[in-house]
Amino acid sequence: MAKIYLNPERCIGCRSCEVACEREHGHPRISVGTVSDLAAVPLYCHQCDAAPCAAVCCTGSLRQDGDMVKFNPDLCTLCGLCLVACPFGAIELDSMVQRCDMCGNGTPVCVTTCPAEALVLGDVDVVTRSTRARAAAVLAARLR
């Protein structure tokens, strides 16, 4: 399954991803944090392979389903353990657990909305090859 990846060098901190997500879900499931006003970093669910949020969910509301973590709101007791367990701080508790569900028809709205293409959807191998090619081009340009 394709996952969302971030190129932090491209993020301009415009928060378009947050706005698009809020329009789609009524509450943003991605948030853009800033680091000492130096860098913007979108915080989002990474659909972890061994998801800590699903591991601590004692009701089965969050469960690993292949490469994705599925959420059943009918089983959620709002205990908040998933918030504490998430290593990315990507889960919020509104009146319900708010976490990425990989919305959209194939491509989540945060990805399609990002004007800087900082968020991309892809396979880890494809994204890694792209990152390596970009790093090699930067190094090659410095050597010229």
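Residues numbered from 1 in each chain as written. Predicted model: local features only at pLDDT ≥ 70, side-chain atom pairs only at ≥ 80, totals over all residues. Heavy atoms only, no water.

Chemist: When you look at the pairing of strand β3 (residues 39-43) in this model, what are you seeing that I'm missing?
Modeler: Looking along a regular strand, one sees side chains alternate from face to face of the sheet. Only one face of β3 is covered, namely the one carrying A40 and P42; the face carrying A39, V41 and L43 has none of its residues buried. Looking at chain direction, strand β2 (residues 31-35) and β3 are connected through 5 bridges and run antiparallel. Looking at the pairing, V32 lines up with P42 of β3. (Buried < 20%, exposed > 50% of the residue type's maximum accessible area, 1.4 Å probe, protein only. Helix = DSSP H or I, 4+ residues; strand = E, 2+ residues; numbered from the N terminus. Pairing = 2+ DSSP bridges.)

Chemist: Sorry if this is basic, but what is going on with the nonpolar core here?
Modeler: Proteins that are soluble and globular tend to have nonpolar side chains buried together. Formed by 30 residues in total, the largest nonpolar core has its most connected members in I4, I30, C53, L62, C110 and L119. The contacts of L62, once residues within four sequence positions are left out, are C53, A54, C57, V69, K70, F71, C82 and R99. (Core = buried A, V, L, I, M, F, W, Y, C linked by side-chain atoms within 4.5 Å. Contact = heavy atoms within 4.5 Å.)

Chemist: Would you explain the side chain of Q98 in this entry?
Modeler: Inspection of the secondary structure puts Q98 in strand β7 (residues 97-98). Beyond its immediate stretch of four places on either side in the chain, Q98 contacts H27, R29, A90, I91 and E92.

Chemist: Please explain the layout of surface pockets as it appears in this structure.
Modeler: Empty space left among the atoms is revealed by rolling a probe the size of a water molecule over them. Of the voids in this model, the largest pocket is the one considered here, and its volume is about 320 Å³. If you trace the largest pocket, you find 15 residues lining it, with N7, R10, S130, T131 and R134 closest to the centre. Those elements that provide at least two residues to the lining of the largest pocket are β1 (3-6) and α5 (124-143). Of the residues forming the lining of the largest pocket, the biggest block, 7 residues, is contributed by α5. Of the residues assigned to the lining of the largest pocket, the class counts are 8 nonpolar, 3 polar and 4 charged. (1 Å grid on protein atoms, 1.4 Å probe; cavity = no way out; pocket = protein on both sides within 12 Å on 5 of 7 lines; lining within 4 Å. Points joined across faces, edges and corners; volume = space filled by probe spheres on them. Nonpolar A, V, L, I, M, F, W, Y, C, P; charged D, E, K, R; others polar.)

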